[in-house]
Amino acid sequence: MTDQANPARRLWLYAPFMIAGVILLAYYFLWRAGAAEMKKGVEAWIADQRAMGLDISYGAIRPDGFPFFLRMRIDEPDITQPDAWRWRTEMLTLDALPYDLNRLIFSTRNVQTIWIKGNGEWKLTADDFRTSIASDDARGWVFAATIGGARALRTEDGNTVSLENLVLDLAPDATEPATLTLNLAAAGLFTESGEKALEFDSLQTMLAVTQTPAFSMPDPAIAWRHAGGEVRIIGFLAQIGDARLSVTGALHLDQDNRPEGRLDTEIIAPAAFAHALETAGALSADEADSAAAALTLTAIAGGGKIAAPIILQDGAAHIAGAKLADFPGKN
């Protein structure tokens, strides 16, 4: 009786391991199927973008990450919009869940090279650089980005931009699919150009851009203007030390494709923002000094802050009688 019972006992002893093996084997085939679908999706996206005019090249596309991740590694991706911009890096990683390909996460820890027409070539590094795109029942899709410890260097002149952290998400509006909404929060933004430096302790904004399908037209600015497009600034907050700026309002383009509109504004310690505009090239040194002095007096008269609209009209921006910027129009 004992001899007959021993095989049964051994069977029950091994049964959990056999079941685990079957589950692992099934998961492996699920993972392989997910990897194949993910690779097809990447190749389909590349084909679609090439059909829309982008130049895309890359090395191998390799699956990785079993068993914990469904990961695809793309060697030497290089994406170019001819005569507009170019992006490339050594390796781009895509992550997804084997049982849910509705969200893809893109990341890289390699040096990224970005060229933008009129702005030169930049080398970008970051401790954390992740973007993702996911399906969304209400909005269709959501694009998100998380960046930490980033530093960019312009190769031609050594100008730098650094950023402690940034989080953003971009998606169509749930009720207006032609409108894109953007939520962004950034901290520790620092730029240096020659002897000029600019630092923002924090930036936060929520805005919406209407009539976005017009941006696919041959002349996007003109098409967007004719479609009645506008930028709705639901909220914008910026801080430089003790100086604070908040803005709400809407902008559109005038007949010369220059921004036009009214922005309700509140500023504390406005001189810092006047000199920030100088660093950004919107004002000359003399104009910045003049604006800083005039706005400081206005703030003192207003109990320490300015509560007045920024008016953008006829190619210029003014607040409380002080010029903030000139805008070039179409030729």
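Not measured: the values here are computed from a predicted model.

What counts and how
- Residues numbered from 1 in each chain as written.
- Predicted model: local features only at pLDDT ≥ 70, side-chain atom pairs only at ≥ 80, totals over all residues.
- Heavy atoms only, no water.
- Buried < 20%, exposed > 50% of the residue type's maximum accessible area, 1.4 Å probe, protein only.
- Helix = DSSP H or I, 4+ residues; strand = E, 2+ residues; numbered from the N terminus.
- Pairing = 2+ DSSP bridges.
- Core = buried A, V, L, I, M, F, W, Y, C linked by side-chain atoms within 4.5 Å.
- Contact = heavy atoms within 4.5 Å.
- Salt bridge = Lys/Arg side-chain N within 4 Å of Asp/Glu carboxyl O.

A. Looking closely at the pairing of strand β3 (residues 70-75). With 6 of its 6 residues buried, β3 lies for the most part within the structure. On β3, burial covers both faces: Leu 70, Met 72 and Ile 74 on one face and Arg 71, Arg 73 and Asp 75 on the other are all buried. Direction of pairing for strand β2 (residues 61-64) relative to β3: antiparallel, over a ladder of 4 bridges. Looking at β3, one finds that Pro 63 is bridged to Met 72. Connecting the antiparallel pair β2 and β3 is a turn made up of 5 residues, with Gly 65 showing a positive phi of about 100°. Here β3 pairs with strand β6 (residues 91-97) via 6 bridges, running antiparallel. By the bridge assignment, Leu 70 is partnered in β6 with Ala 96.

B. Up close: the nonpolar core. Phe 200, Ile 240, Leu 263, Phe 273, Ile 306, Ile 310 and Ile 319 are the most contacted members of the largest nonpolar core, which totals 48 residues. Those residues in contact with Ile 306 that sit more than four places away from it in its chain are Thr 265, Glu 266, Ile 267, Pro 270, Leu 295, Thr 298, Ala 299 and Ile 319. Formed by 17 residues, the second largest nonpolar core is a distinct cluster that contains Ile 46, Met 72, Ile 74 and Ile 79.

C. How the structure looks around the side chain of Asp 95. Topologically, Asp 95 is positioned in strand β6. Those residues in contact with Asp 95 that lie beyond four places of it in its chain are Met 38, Phe 69, Leu 70, Arg 71, Arg 103, Leu 104, Ile 105 and Ser 107.

D. Inspection of the pattern of salt bridges at higher detail. The full count for this structure, using the stated rule, is 18 salt bridges. For Glu 37, the salt bridge identified is with Lys 40, shortest N-O distance 3.7 Å. Of this pair, Glu 37 and Lys 40 both sit in helix α1 (residues 2-51), 3 residues apart, roughly one helical turn. Residue classification places Glu 37 among the partly exposed positions, given a relative accessible area of 45%. Since its relative accessible area comes to 52%, Lys 40 is described here as exposed. Notably, a salt bridge pairs Arg 232 with Glu 230, separated by 2.9 Å at the nearest N-O pair. Residue classification places Arg 232 among the partly exposed residues on the basis of a relative accessible area of 30%.

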